[in-house]
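Coordinate inspection notes
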Amino acid sequence: MKILPLASSLLAVATVLLPAPTRAAAPAAFYDWTAPVTAAPGTLLRSEPLKADWLPKDTGNAYKILYSSRNGMAADGNVPVSGYVLFPSGPAPKGGWPLVIWAHGTTGVADVCAPSWMGPRPRDQLYLNTWLKRGFAIVASDYQGLGTPGTHPYLLYRPEAYSLLDAARTVLAQHNFALQNKIMIVGQSQGGGAALAATWAFPQYAPELKVKGAVLTGLVTAIHQDTPEQNEKRYTTVDAMDPAFATLRLAGTDQAIHPETDPTSLFSENGKKMLEVARTGCLHDLFDEAKKLGIKTGKELLAADITAYDRDMSHYFELPDGHVSVPVFLGTGLADGMAGTTGQYGAALALCRAGSTVQWHTYPGVTHNGAVNYSLPDSAQFTHDVMAGRPVASSCNNLTPPGPVQKPAPNIPFNQ
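Just so you know, these numbers come straight off a predicted model, no measurement behind them.

How each quantity is defined
- Residues numbered from 1 in each chain as written.
- Predicted model: local features only at pLDDT ≥ 70, side-chain atom pairs only at ≥ 80, totals over all residues.
- Heavy atoms only, no water.
- Helix = DSSP H or I, 4+ residues; strand = E, 2+ residues; numbered from the N terminus.
- Rg over C-alpha atoms; globule rule 2.2 N^0.38 Å.
- Buried < 20%, exposed > 50% of the residue type's maximum accessible area, 1.4 Å probe, protein only.
- Contact = heavy atoms within 4.5 Å.
- Areas by Shrake-Rupley, 256 points an atom, 1.4 Å probe, with all protein chains shown as cover.
- Lys, Arg positive; Asp, Glu negative; His and termini not counted.
- Charge placed at Lys NZ, Arg CZ, Asp CG, Glu CD.
- Disulfide = S-S within 2.5 Å.
- Phe/Tyr/Trp six-rings, centres within 6.5 Å; stacked < 30°, edge-to-face > 60°.
- Pairing = 2+ DSSP bridges.
- Axes fitted to C-alpha atoms, helices over the stretch in contact; angles between N-to-C directions.
- Core = buried A, V, L, I, M, F, W, Y, C linked by side-chain atoms within 4.5 Å.
- Polar contact = N/O pair within 3.5 Å; in protein donor to acceptor, adjacent residues only side chain to side chain.
- Parallel < 35°, antiparallel > 145°, perpendicular 65-115°, else oblique.
- Left-handed = near helix turned anticlockwise from the far one by under 90°.
- pLDDT = per-residue confidence, 0-100.

**Observations concerning the overall build of the chain**
- Each helix and strand counted, the chain has twelve helices and nine strands in total.
- The C-alpha atoms of the chain give a radius of gyration of 20 Å, which matches the 22 Å a tight globule of 416 residues would have.
- If you line up the chain on its principal axes, its C-alpha atoms span 60 × 50 × 45 Å.
- Looking at the chain residue by residue over its 416 residues, the buried ones come to 60%.
- Residue pairs at least 24 apart in sequence account for 81% of intrachain contacts in the chain once pairs closer than 6 positions are excluded.
- A total of about 16,200 Å² of accessible surface is found on the chain, and carbon and sulfur atoms cover 53% of it.
- If the 31 positive side-chain charges of the chain are averaged to one point and the 33 negative ones to another, these points end up 8 Å apart.

Laid out in C-alpha cells, this is it:
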C-alpha cells in the first residue's frame, strides 16, 4: 500500500477547486425506514449507487447505504443508520482495499445535515481524497438519528461507536465490495470523539474487526479519570458552550437522553428561535442565527435550570476509561479555539495513564479546522507503520500542557 504525504501547496489549490456541498429541502425516501429493524447489527438494509458533485476527485465507485445498528440509547433493539462507502479509482489490490471508518465532525441534528445527503464540506472532501490516494476505501456513517428516524444523540459515545462499527461490519459482509478486514478508524472533532469511542469499544462490541490504529484530530471527548479538571467544560456544560453547539446539545443530546421532555420548556425566547433553526438547518445556519440574535453564550438560550441535564450528559458522553488496544494518533492545533486544547491534552493524559499508546502531535498556530489536513504528513507515517504491524513512537513520557490557545497563523489552508 502506497502512503502519500500531502503538500501544503496542493491544499491551497484544492481549497479553490472543491465545491461547497449543497442540500435540498429534505432527505430522499432512501432514508425512510418505518418497519422494525430485526436484522442483526451490521446488516445491509438497502443501497444505491452514489453520484454527487461532492465526491472526492479520486473516487471510483461510491454507494449510499442504509444498515442496521444497535440502538445506543436503549438496552436492546436495533435502528436503521445511513452512510456511504467510497472506493479508490483503479483496480483493487490483491485481497481488496483496506478500510477507513470515517467519523465526521458536527453538522447539526436535522436530517438534512446527514453527510451522505448534503455531502462533506470542502475541508473533508480533500481529507478523504487523501485517504483514497493512500489506497483505502472509506465507509462513513451519518450516526444514529441523523438522516434516519429518531433523535440524533449528539456527542454520545455508545450510539456513535455502534454506528461506526456496524457500518464497517456491513460493507465487509458485501461480497461484491473488494475489501479486506484491515481497518483504520479516523475522525475529526465530534467524529474524533466518535472514532475514539469506536476504538475503545470494538474489542468487546465487534471483535471480528481487525482495527490497526486510530487517527484523531480536533478531539472532542471526555474520559473518566481522577483529574477531571483536564476535561473541557465546554463539552458538557451548556453555560460554557458556544450557543450553536449548545443548541445542538439541548435539541439532540438532551432530547435523546430525556425523550419525555418538551425541549421548548428549556429555552428562552431567543433560545426557541435557535431551536427552530436547529430543526431544519445545520451548524452554520445556527452560527448565523446566533450572530443575528446577538447571542454569545449557551447560558442565554436557557429558561430553566438544567444542572441535572448537564450531569446526565456527562454520564452518556464520558468514556468509562482510557484504555484502547491499538495505537492512537492525536493531532491538535494549538490555535484550536473551538474544541480547546486543554481537553485534548487531558484525553492524551488519560489514555496514557491507562496504558494506551498515544502519539500526540501539536501544531503551533493551527486551528480546529486547519489541523485536519495539516496533520496529514504525520498521520501518513503513523498509518504506514501501524498497518505494517510496526511499533510507533509514543508521546506518553513527554506530555506537556499546551498553554493558552494561540492566535491562528496565516497562509494555512482551512485555518479559519
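Moving on, there is more to tell.
**So, the state of the cysteines**
- Overall, the coordinates contain two disulfides when judged by the stated rule.
- Linked covalently through their sulfurs, C113 and C282 form a disulfide whose S-S length is 2.1 Å. One disulfide, between C113 and C282, carries an S-S torsion of -110° and so falls in the left-handed class. Placement of C113 in the loop between β4 (97–103) and α2 (115–118) and of C282 in the loop between α7 (269–280) and α8 (283–293) is noted, with a sequence separation of 169 residues between them.
- Judged by relative accessible area, which is 0%, C113 ranks as buried.

**Quick word on the packing of aromatic side chains**
- Per the counting criterion, the structure on display carries 15 aromatic pairs.
- Aromatic pair W102 and Y127: ring centres 5.6 Å apart, planes at 50°, arrangement tilted. Of the two residues, W102 is situated in strand β4 and Y127 in helix α3 (residues 122–133); the sequence distance between them amounts to 25 residues.
- Classification of W102 by relative accessible area gives buried; the value is 2%.
- Aromatic pair Y345 and W360: ring centres 5.9 Å apart, planes at 35°, arrangement tilted. With Y345 in helix α10 (residues 342–353) and W360 in strand β9 (residues 358–363), this pair connects stretches of sequence that are 15 residues apart.
- Residue class for Y345 comes out buried when judged on its relative accessible area of 9%.

**Structural notes on the environment of A350**
- In this structure, A350 sits in helix α10.
- For the pair A350 and A222, spaced 128 residues apart in the sequence, the C-alpha separation amounts to 9.2 Å.
- In this structure A350 touches I223, Q225 and G322, once residues within four positions along its chain are discounted.

**A look at the sheet that holds strand β2 (residues 59–70)**
- The nine strands lie next to each other as β1-β2-β3-β5-β4-β6-β7-β8-β9, forming an open sheet whose pairing is mixed. The strands lining the two open edges of the sheet, one partner per strand, are β1 (44–49) and β9. Strand after strand, the sheet turns through a mean of 20° between neighbouring axes, direction not considered.
- Bridge count between β4 and strand β6 (residues 179–188): six bridges; the pairing is parallel. Bridging across to β6, W97 finds its partner in L179.
- Sheet strands touched by helix α4 (residues 157–172): β1, β2, β3 (78–88), β4, β5 (137–141) and β6. Its angle to β2, the strand with the most contacts, is close to 120°.
- In the packing of α10 onto the sheet, contacts are made with β8 (328–333) and β9, and the angle to β9 comes to roughly 160°.

**So, the nonpolar core**
- Residues L99, L165, V171, L179, I185, L196 and L216 are the most contacted members of the largest nonpolar core, which totals 56 residues.
- Element by element, the count of residues in this core is highest for helix α5 (residues 190–205), at nine residues.

**Notes on the side chain of S82**
- Counting through the fold element by element, S82 comes out in strand β3.
- One polar contact links S82 to D142, side chain to side chain, over a distance of 2.5 Å.
- Beyond its immediate stretch of four places on either side in the chain, S82 contacts Y31, I65, L66, Y67, S116, S141, D142, Y143, L146 and T148.

**Some points on the packing of α3 against helix α12 (residues 376–387)**
- With their axes 12 Å apart at the nearest point, α3 and α12 run at an angle of 30° to one another. Here α3 is positioned roughly parallel relative to α12, judged by the angle of their axes. In this structure, α3 crosses over α12, and the sense of that crossing is right-handed. Here α3 contributes Y127, T130 and W131 to the contact with α12, which in turn contributes L376, S379 and T383.

**Quick notes on the confidence of the model for the chain**
- Across the chain, pLDDT averages 91, with 92% of residues at or above 70.
- Within the model, pLDDT remains below 50 along residues 1–24, and this stretch shows 53 contacts once partners closer than five positions in the same chain are excluded.

**A closer look at unusual backbone geometry**
- Despite not being glycine, S189 shows a phi value in the positive range, around 60°.
- Assignment of secondary structure puts S189 in the loop between β6 and α5.
- Within the chain, N411 stands out as a residue other than glycine whose phi angle is a positive 65°.
- Residue placement: N411 occurs in the segment after α12.
- Here N411 falls in the exposed class, since its relative accessible area comes to 80%.

**Some words on the environment of V100**
- Checked against the element boundaries, V100 lands in strand β4.
- A relative accessible area of 1% means that V100 is categorised as buried.
- Among residues more than four places away in sequence, those in contact with V100 are W131, F136, A137, I138, V139, M184 and V186.

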